[in-house]
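One letter stands for each residue in the lines below.
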Number of protein chains: 2
Amino acid sequence: MSSDPASEPLLDPSVPAPVCALVGIAAYTELAEFGLLAARSVDAPDLTTRQSLAVGAERALTRQQDLVGLVAAGSGVAAAASLMAPFEGVLVEFDTRTATDDWAEGLLKGVVGHGVAQDFYRTLAAGAASPYRKRLRDVLEQPEPSRNAGADAEALAVLVRLAGADDVLASRLALWGRRVVGEALNLVTDLLDSRAELASLAEDAARTLDHAADGTVRSWLVARLTAEHTRRMDRLRLAA
Amino acid sequence: MSSDPASEPLLDPSVPAPVCALVGIAAYTELAEFGLLAARSVDAPDLTTRQSLAVGAERALTRQQDLVGLVAAGSGVAAAASLMAPFEGVLVEFDTRTATDDWAEGLLKGVVGHGVAQDFYRTLAAGAASPYRKRLRDVLEQPEPSRNAGADAEALAVLVRLAGADDVLASRLALWGRRVVGEALNLVTDLLDSRAELASLAEDAARTLDHAADGTVRSWLVARLTAEHTRRMDRLRLAA
């Protein structure tokens with residue numbers, strides 16, 4: 001925690017507003033992923049899964065603190081809360097529309113929703129000013145699940161095992177994944193409509209990443225996120 | 001995670017069985033504390049509290065992994081699960097008897113229950129063989145809450161703030177704390193009855209810590225844990 005929030009600025013005042021916005025929404029998403037994985041740990045079917053998902057939750061929170069540390073004097077609670085505050089509640093509608101009592105569906109919701117969010121933030125990072133572009137990507141870059149290091153690696157491994165052993169579950173999860181990705185992409189476009197800082201990052205990212213002139217930045221972004229989602233479902237051996 | 005659980009032992013075979021038992025129950029308790037703090041983070045009343053309790057949960061899991069690392073080749077998921085397995089379900093009755101829908105009561109349950117458990121394990125560590133005695137204490141030693149570093153430090157700070165602003169809540173929490181500590185002490189004596197390794201550590205701890213000859217080891221231990229609980233409630237400014 002910051003020693004005395006009143007006596008020193010929580011955030012580095014030289015950080016551009018779009019970078020603060022990206023860190024804020026990404027940190028908020030990691031906190032949500034922490035909560036989701038921790039909840040699935042608490043009601044996990046066995047001790048190994050419970051431990052695995054707790055470790056995944058811990059990793060999501062570590063990444064969140066690394067993000068906050070990019071723009072704050074300390075990576076403390078007050079700085080994190082200040083960065084996330086403009087985005088408080090932004091996931092409520094997504095959560096309501098993807099609520100489920102099923103344990104595996106809840107876990108897949110995290111993998112799909114967090115996966116789309118990660119791809120979104122990584123793309124936006126390409127629009128950030130130097131030196132933040134590289135720093136953001138260093139934190140947001142998520143190793144392949146096969147290297148077993150991302151926050152979702154444990155969740156992915158659990159889902160691959162469950163779906164591989166049960167065709168009926170695999171079909172149900174494939175259907176559920178399509179519903180969750182639809183809601184996640186709706187949230188992305190809502191954010192671009194309502195948050196000018198994120199929209200400006202998306203414009204700059206499209207330029208940086210050589211977006212062809214046909215189509216809007218938004219349709220380019222949605223196509224990009226959809227393609228990443230399809231690859232993710234392939235890794236899960238589920239139909240996208 | 002361990003690279004190949006089949007090819008190498010998960011646990012160091014030279015570790016005495018009572019030390020493995022103490023690490024197993026302590027690791028299991030930290031995993032439970034992780035889950036409790038994470039759950040109270042998810043439904044916290046504001047973003048700062050939500051972040052604080054997530055950080056506390058993360059710290060409980062870090063301590064758990066440090067404990068596992070004392071006796072395992074790696075601090076991986078498989079080693080943790082293997083150490084905790086003999087204690088799976090041991091908290092179910094305690095959890096049932098201290099179930100609450102009230103957010104502040106749920107948080108105090110964690111502080112009181114986890115506090116008694118920590119004091120119990122620290123005391124048992126005094127009965128462990130060298131060099132484990134010192135190593136266990138180094139991990140289990142919890143700094144004073146004023147130094148804001150223990151897993152429960154954030155929960156303590158939140159409860160002090162809430163109870164300080166609301167006398168009715170403070171009275172209710174004081175009553176609740178007495179109920180939780182009663183159940184926690186029942187669990188401690190059940191564990192001493194049912195787990196020979198823990199009972200033998202308690203015997204050795206009593207000798208090491210100069211337990212006077214009158215009274216049983218169990219009554220000495222309960223008196224010791226009760227005194228620590230009273231100090232803890234004082235720090236919370238609640239009547240024990």
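Below or above, wherever it landed, is the structure these notes cover. (Residues numbered from 1 in each chain as written. Chains lettered and ligands numbered in written order. Predicted model: local features only at pLDDT ≥ 70, side-chain atom pairs only at ≥ 80, totals over all residues. Heavy atoms only, no water.)

**As for the overall build of chain A**
And then number 1: Counting secondary structure elements, chain A contains 10 helices and zero strands.
And then number 2: Along chain A, helices and strands appear, N-terminal first, in the series α-α-α-α-α-α-α-α-α-α.
And then number 3: Computed over the C-alpha atoms, the radius of gyration of chain A is 18 Å, within 12% of the 18 Å expected from 2.2 N^0.38 for a compact globule of 240 residues.
And then number 4: Evaluated residue by residue, chain A yields a buried proportion of 54% over its 240 residues.
And then number 5: Considering only residue pairs separated by 6 or more positions, chain A has 78% of its internal contacts joining residues 24 or more positions apart.
And then number 6: Looking at chain A as shown, the accessible area adds up to about 10,100 Å², and 52% of this sits on carbon and sulfur atoms.
And then number 7: On chain A, the mean spot of the 24 positive side-chain charges and the mean spot of the 33 negative ones are 4 Å from each other. (Helix = DSSP H or I, 4+ residues; strand = E, 2+ residues; numbered from the N terminus. Rg over C-alpha atoms; globule rule 2.2 N^0.38 Å. Buried < 20%, exposed > 50% of the residue type's maximum accessible area, 1.4 Å probe, protein only. Contact = heavy atoms within 4.5 Å. Areas by Shrake-Rupley, 256 points an atom, 1.4 Å probe, with all protein chains shown as cover. Lys, Arg positive; Asp, Glu negative; His and termini not counted. Charge placed at Lys NZ, Arg CZ, Asp CG, Glu CD.)

**Details of the relation of the copies chain B and chain A**
And then number 1: In the superposition of chain B on chain A (RMSD 0.0 Å, axial shift 0.0 Å), the rotation amounts to 180°. The superposition of one copy onto the other is thereby described by a two-fold rotation axis. For chain B, the smallest separation between a C-alpha atom and the rotation axis is recorded for Glu58(B), amounting to 2.8 Å.
And then number 2: Interface overlap between copies: 100% of the residues of chain B at the interface are likewise at the interface in chain A, consistent with a symmetric, same-surface contact. (Least-squares fit on C-alpha atoms with pLDDT ≥ 70 in both.)

**Some details on the interface of chain B and chain A**
And then number 1: Facing the 30 residues of chain B at the interface are 30 residues of chain A.
And then number 2: Summed over both partners, the interface of chain B with chain A comes to about 2,500 Å²; 65% of that surface belongs to carbon and sulfur atoms.
And then number 3: Counting the surface chain B buries against chain A, the share from its top three residues, Leu47(B), Gln51(B) and Glu58(B), is 26%.
And then number 4: Viewed at the interface, chain A and chain B are joined by zero salt bridges.
And then number 5: At the junction of chain B and chain A, the tally comes to four residue pairs in polar contact (both at pLDDT 80 or more).
And then number 6: At 13 residues, the largest contribution of residues to the side of chain B that touches chain A is made by helix α2 (residues 47-71) of chain B. (Buried area = accessible area lost by both parts, 1.4 Å probe. Salt bridge = Lys/Arg side-chain N within 4 Å of Asp/Glu carboxyl O. Polar contact = N/O pair within 3.5 Å; in protein donor to acceptor, adjacent residues only side chain to side chain.)

**A word on helix α7 (residues 153-164) of chain A**
Residue and element names in this part refer to chain A.
And then number 1: Between its first and last C-alpha atoms α7 spans 16 Å; for 12 residues at 1.5 Å apiece the expected length is 16 Å, and the two agree.
And then number 2: Turning to α7, its buried residues are Ala153, Glu154, Ala155, Leu156, Val158, Leu159, Val160 and Ala163.
And then number 3: At its buried positions, α7 is contacted by α1 (17-42), α2 (47-71), α5 (103-125), α8 (167-194) and α10 (217-235). (Expected span 1.5 Å × (residues − 1).)

**Some points on the side chain of His229(B)**
And then number 1: In this fold, His229(B) is placed in helix α10 (residues 217-235).
And then number 2: Residues within four places of His229(B) in sequence aside, it is in contact with Val112(B), Gly177(B), Val181(B) and Ala240(B).

**Describing unusual backbone geometry**
And then number 1: Following Ser130(A), the chain continues to Pro131(A) via a peptide bond in cis, the omega torsion being 0°.
And then number 2: Among the structural elements, Pro131(A) can be located in the loop between α5 and α6 (132-140).

**Looking at the packing of helix α3 (residues 77-84) of chain A against α2(B)**
And then number 1: Following both chains from N to C, one finds α3(A) and α2(B) inclined at 130°, their axes separated by 9 Å at the closest point. The orientation of α3(A) with respect to α2(B), classified from their angle, is oblique. Where α3(A) crosses over α2(B), the two elements pack in a sense that is right-handed. On α2(B), the residues touching Val77(A), Ala80(A), Ala81(A) and Met84(A) of α3(A) are Leu47(B), Thr48(B), Gln51(B), Ser52(B) and Val55(B).
And then number 2: Looking at the contact of α3(A) with α2(B) residue by residue, the class counts come to six nonpolar, three polar and no charged. (Axes fitted to C-alpha atoms, helices over the stretch in contact; angles between N-to-C directions. Parallel < 35°, antiparallel > 145°, perpendicular 65-115°, else oblique. Left-handed = near helix turned anticlockwise from the far one by under 90°. Nonpolar A, V, L, I, M, F, W, Y, C, P; charged D, E, K, R; others polar.)

**Quick look at the pattern of salt bridges**
And then number 1: One pass over the structure, following the stated rule, counts 28 salt bridges over all chains.
And then number 2: Arg232(B) is paired through a salt bridge with Asp119(B); the nearest N and O atoms lie 2.3 Å apart. Pair noted here: Arg232(B) is in helix α10 and Asp119(B) is in helix α5 (residues 103-125), with a separation of 113 residues, a long-range link. For the pair Arg232(B) and Asp119(B), a shared accessibility class is recorded, and that class is buried.
And then number 3: A salt bridge links Asp193(B) to Arg218(B); its shortest N-O distance comes to 2.1 Å. On the criterion of sequence distance, the pair formed by Asp193(B) in helix α8 (residues 167-194) and Arg218(B) in helix α10 is long-range, its members being 25 residues apart.
And then number 4: Overall, the relative accessible area of 53% leaves Asp193(B) in the exposed class.
And then number 5: We classify Arg218(B) as partly exposed; its relative accessible area is 35%.
And then number 6: Because the salt bridges share partners, they merge into one network encompassing Asp102(A), Glu105(A) and Arg172(A).

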